[in-house]
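Chain residues, written in single-letter form:
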Amino acid sequence: MSDEPLSPTTDATIPSGRLSVAVRQAGPIPLAADFHCDPGELLALVGPSGSGKTTLLRAIAGLYRPAQGVIRCAEETWFEAATGRALRPQQRRVGLVFQDYALFPHLDARANVMVALDHLPATERRTTAEAWLARVRLEGLARRLPAELSGGQRQRVALARALARSPRVLLLDEPFSAVDQVTRRRLQRELALLREEIHVPVLLVTHDLDEAAALADRLCVLHAGRSLQQAPAETLFRHPASPEVARLLDRHNVFRGVVEERDGLRRLRWGHYRLEVAHGLAHLPVGTEVAWYLPHSDVVLHRRGRPSRGERENPVAGVVREMAVLGGITSVTLGVAHTDDTLRFEIATHAARRNGLGRGEAVRVSLLAAGIHLMPDRLGPLSRGSS
Amino acid sequence: MDWTALSVSLQLASLTCLLLLPPGLWLGRTLALSRFRGRPLCEALVALPLVMPPTVLGFYLMQSFGTDALLGGTWQSLTGGSLNFSFSGILLASLVANLPFAVQPVQRAFEAVPSNLREAAWCCGLTPWQTFRRIELPLVWPGVVSALALTFAHTLGEFGVILMVGGAIDGETRTLAIAIYDRVQAFDEQGAALMSAMLLLVSFATIGVVYGLGGRGRRPRVG
């Protein structure tokens, strides 16, 4: 693809704007989601199976009608429960890539794309469809039926078909889940490149956190239909809004502590440790029980016999319970002395070997004060309902 | 060889197919896609002619075709003719008797179309009617073809219902199947054999042509 790709987009004519979604319903699929996505932005909806991700996409596309809420795109109201306004899918102009691609099995690749080009004069449909197929690198496969294409090629046809209608929003429902690892990498890379050319909001539904973190500008964490937090991946992984978010993001080090003050110094009591915390402790009343989280990057292992960086910062003793070697990285689970908690962190496998780390060994680590993230608002089940 | 009976049979079968196609498509699609309260009852009613003895079905139809019955009376006041012992009568009976053959294959075919294909078509901008014509119909085509084949073949062979409603009036209600029975009753085994072979040939040709058409729709087209 050394030549300038023949780009069939007509960006200038597409009224593009922010997509904002606020939907609520008690059942049958509970929903309480608020999020928005700007043109050119890629927002990933992440959450476990059954968290309502696909239902939200379908609501945006007009294939599902929630009980309450508003869905707007670029100043146009697509859905408003209060006034009963609900545009049909045909009127909304969304590009939707289904999880299983939903290609029309009786039509070849070109005809599949042409179905989305009814708005063009008949003479232009064929060349435009071919241009779109070329854009997703399917030159020469225009006359193949879906059954004669590989999984990755089908996904590309589905993407070409979704983009061909010059959609105002692009919705991708687990678009990489049905292909092998190698193809997935390639398609993800192509999506990342393609994004620079399509200036519409892009929503990606996925349960793969790595994929979401790699591709999306922001992640929206969903659980049981509720949107819990929206932030860039880096922020989410360092500052989850609640223990629930931390758990959904597969973060391990979530504990509970109590705010204490001794000799004028605020500390976080955890077991018999009194931890220094860089941010957020000062304004909490003494005696508050608080959930806290530490990214595993902020656990520093003390070397034996040699002092290491930050050794005096929140030293904690423990016994190695588990060591999982995952290639170059070893994940260590530490039973922390004087608590029932386990602390997890990762170190380079060679460093673990050099330090003679093994199950049952007693080790010391430091918990970096700057990394400790307090989550004071979400403690008991009482506050679970708010989002 | 009773050419008149063959002609009656072919007309009856063709008209039954033609008239049952639109309601068969509509009913089959509705039963496949809609979830309404009376659906099981509706499906049972459609399937009823399948399990009813043809003479019993014929008996009830004959009763309702009588000029003192609602259906027969209305028909007579509208057309001036009787439903019993007329071609219109056996055609109407044939429509009822063939309902399951016209509906069930279509219903199965619609059930086999993934619902997200319809949704994908809507997202591409197709109206529900365009979606039906351009996406659903080509996909359910083999089902429609087998519905037509079954209806045609079954009508050619129908005996009990036709005899009850229509009797055996030459050129009006005497179909080939009834003509064969008449010949056997008259000890004309050679005539019966000839007509049986004819019916076999026509049935086989119909099924062959129709499955040939259906098969072409199923094979992937490469080009």
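About the criteria used
Residues numbered from 1 in each chain as written. Chains lettered and ligands numbered in written order. Predicted model: local features only at pLDDT ≥ 70, side-chain atom pairs only at ≥ 80, totals over all residues. Heavy atoms only, no water. Helix = DSSP H or I, 4+ residues; strand = E, 2+ residues; numbered from the N terminus. Buried < 20%, exposed > 50% of the residue type's maximum accessible area, 1.4 Å probe, protein only. Contact = heavy atoms within 4.5 Å. Areas by Shrake-Rupley, 256 points an atom, 1.4 Å probe, with all protein chains shown as cover. Lys, Arg positive; Asp, Glu negative; His and termini not counted. Charge placed at Lys NZ, Arg CZ, Asp CG, Glu CD. UniProt positions renumbered as here; feature names shortened; annotations may be inferred. Pairing = 2+ DSSP bridges. Axes fitted to C-alpha atoms, helices over the stretch in contact; angles between N-to-C directions. Parallel < 35°, antiparallel > 145°, perpendicular 65-115°, else oblique. Left-handed = near helix turned anticlockwise from the far one by under 90°. Salt bridge = Lys/Arg side-chain N within 4 Å of Asp/Glu carboxyl O. Polar contact = N/O pair within 3.5 Å; in protein donor to acceptor, adjacent residues only side chain to side chain. Expected span 1.5 Å × (residues − 1). Patch = residues over 30% accessible without salt bridge, like charges linked within 9 Å, V, L, I, M, F, W, Y side chains within 5 Å. Buried area = accessible area lost by both parts, 1.4 Å probe. Domains from an automatic or database assignment. Core = buried A, V, L, I, M, F, W, Y, C linked by side-chain atoms within 4.5 Å. Phe/Tyr/Trp six-rings, centres within 6.5 Å; stacked < 30°, edge-to-face > 60°.

In this section: the overall build of chain B. A tally of helices and strands in chain B yields 11 helices and zero strands. For chain B, the α and β elements follow one another from N to C terminus as α-α-α-α-α-α-α-α-α-α-α. Each of the three principal axes of chain B carries a C-alpha extent, and together these read 65 × 45 × 30 Å. Classification of the 223 residues of chain B by burial places 45% in the buried group. Put simply, 71% of the contacts in chain B that link residues at least 6 apart link residues at least 24 apart. A total accessible area of about 11,300 Å² is found for chain B, and carbon and sulfur atoms account for 67% of it.

So, on to the overall build of chain A. Helix and strand counts for chain A come out as 10 helices and 21 strands. Along the first, second and third principal axes, the C-alpha set of chain A runs to 80 × 50 × 35 Å. Taking all 387 residues of chain A together, 51% fall into the buried category. Total accessible area on chain A is roughly 17,800 Å²; 49% of this is exposed by carbon and sulfur atoms. Averaging the coordinates of the 51 positive side-chain charges in chain A and doing the same for the 43 negative ones gives two points 3 Å apart.

Under the feature "domain: ABC transmembrane type-1" (unreviewed entry), the UniProt entry names residues 6–211 of chain B. Helix makes up 81% of residues 6–211 of chain B and strand 0%. Its end C-alpha atoms lie 22 Å apart.

Another point: the sheet that holds strand E21 (residues 373–375) of chain A. Residue and element names in this part refer to chain A. Reading across the sheet, the five strands line up as E14-E13-E12-E15-E21 and stay open at both edges, with antiparallel pairing between neighbours. Two strands in the sheet have a free side with no partner beyond their single neighbour: strand E14 (273–275) and E21. Strand-to-strand twist of the sheet, defined as the mean angle between neighbouring strand axes without regard to direction, takes the value 45°.

Let us now look at the packing of helix H1 (residues 3–33) of chain B against helix H6 (residues 99–111) of chain B. All names here are of chain B. Packing of H1 against H6 leaves a shortest axis separation of 7 Å and a crossing angle of 45°. Here H1 is positioned oblique relative to H6, judged by the angle of their axes. For H1 against H6, the interelement crossing comes out right-handed. Mapping the contact onto sequence places Leu 20, Gly 24, Leu 25, Leu 27, Gly 28, Arg 29, Leu 31, Ala 32 and Leu 33 in H1 and Leu 99, Ala 102, Val 103, Val 106, Gln 107, Phe 110 and Glu 111 in H6.

Residue and element names in this part refer to chain A. Here Asp 173 lies in strand E8 (residues 169–173). Of the side chains with opposite charge, Lys 53 comes closest to the buried, unpaired Asp 173, at an N-O distance of 7.3 Å. Engagement of the side chain of Asp 173 in a polar contact is seen with the side chain of Thr 54, the distance being 3.3 Å. In contact with Asp 173, other than residues within four places in its own chain, are Thr 54, Leu 57, Val 97, Phe 98, Gln 99 and Val 205.

This structure, assessed with the given rule, holds 25 salt bridges over all chains. As a salt-bridge pair, B:Arg118 and B:Glu136 come within 3.1 Å of each other at their nearest N and O atoms. Taken together, the positions of B:Arg118 in helix H7 (residues 115–123) and B:Glu136 in helix H8 (residues 128–157) put the pair 18 residues apart, joining distant regions of the chain. You'll find B:Arg118 and B:Glu136 in the same group, each marked buried. When salt bridges that share partners are traced, they join A:Arg137, A:Arg156 and A:Glu190 into one network.

Turning our attention to helix H4 (residues 122–135) of chain A. Residue and element names in this part refer to chain A. With 14 residues, H4 ought to run about 20 Å at 1.5 Å a step, and its terminal C-alpha atoms sit 20 Å apart, in line with that. Of all the residues in H4, the buried ones are Thr 128, Ala 129, Ala 131, Trp 132, Leu 133 and Arg 135. Each element contacted by the buried residues of H4 is listed here: helix H3 (109–115), helix H5 (151–164) and helix H6 (181–194). Looking one or two places after H4, you find Arg 137, whose phi comes out positive at around 65°.

So, about a nonpolar patch on the surface. All names here are of chain B. Residues Leu 41, Leu 45, Leu 48, Leu 50 and Val 51 make up a contiguous nonpolar surface patch of about 510 Å² in total accessible area. Examined against the element boundaries, Leu 48 turns out to sit in helix H2 (residues 39–51). Overall, the relative accessible area of 39% leaves Leu 48 in the partly exposed class.

With that settled, consider the interface of chain B and chain A. Between chain B and chain A, the residue contacts involve 21 residues of the former and 23 residues of the latter. The contact between chain B and chain A buries some 1,900 Å² in all, and 59% of this surface belongs to carbon and sulfur atoms. Salt-bridge contacts for B:Arg134 lead to A:Asp118; the nearest nitrogen and oxygen are separated by 2.8 Å. The interface formed by chain B and chain A holds seven residue pairs in polar contact (both at pLDDT 80 or more) in total. Within the residue set of the side of chain B that touches chain A, elements represented by two or more residues are H7 and H8 of chain B.

What follows concerns the domain arrangement of chain A. Residue and element names in this part refer to chain A. As far as domains go, chain A holds domain 1 (19–247) and domain 2 (252–375). A straight line from the C-alpha centre of domain 1 to that of domain 2 covers 40 Å. Each partner contributes to the interface: domain 1 provides eight residues, whereas domain 2 provides nine residues. Interface of domain 1 and domain 2: buried area, both sides summed, is about 630 Å²; carbon and sulfur atoms make up 57% of it. Counting the surface domain 1 buries against domain 2, the share from its top three residues, Arg 238, Pro 240 and Pro 243, is 64%. Run the count over domain 1 and domain 2 and you get one salt bridge.

Turning next to the environment of A:Ile60. All names here are of chain A. Summarising the element assignment, Ile 60 is placed in helix H1 (residues 53–61). A relative accessible area of 0% places Ile 60 in the buried class. In this structure the C-alpha to C-alpha distance between Ile 60 and Arg 93, which are 33 residues apart in sequence, comes to 10 Å. Ile 60 has contacts with Leu 19, Val 21, Phe 35, Ile 71, Trp 78, Arg 92, Val 94, Leu 171 and Leu 203, leaving out every residue within four places of it along the chain.

Residue and element names in this part refer to chain A. One finds Phe 35, Leu 45 and Leu 203 to be the most contacted residues of the largest nonpolar core, which totals 101 residues. The element that contributes the greatest number of residues to this core is H5, accounting for seven residues. Residues in contact with Leu 203, not counting those within four places in the same chain, are Leu 19, Phe 35, Cys 37, Leu 43, Leu 45, Leu 57, Ile 60, Leu 170, Leu 171 and Leu 172.

Applying the stated criterion across every chain yields a total of eight aromatic pairs over all chains. On the basis of an interplanar angle of 50° and a centroid distance of 5.0 Å, the ring pair of A:Phe255 and A:Trp292 is categorised as tilted. One end of the pair, A:Phe255, is in strand E12 (residues 254–262); the other, A:Trp292, is in strand E15 (residues 289–293), and 37 residues separate them in sequence. Pair check on accessibility: A:Phe255 and A:Trp292 agree, each one buried. Both rings, one in B:Phe59 and one in B:Tyr60, keep their centres 5.7 Å apart while their planes meet at 65°; by these two values the pair is edge-to-face.

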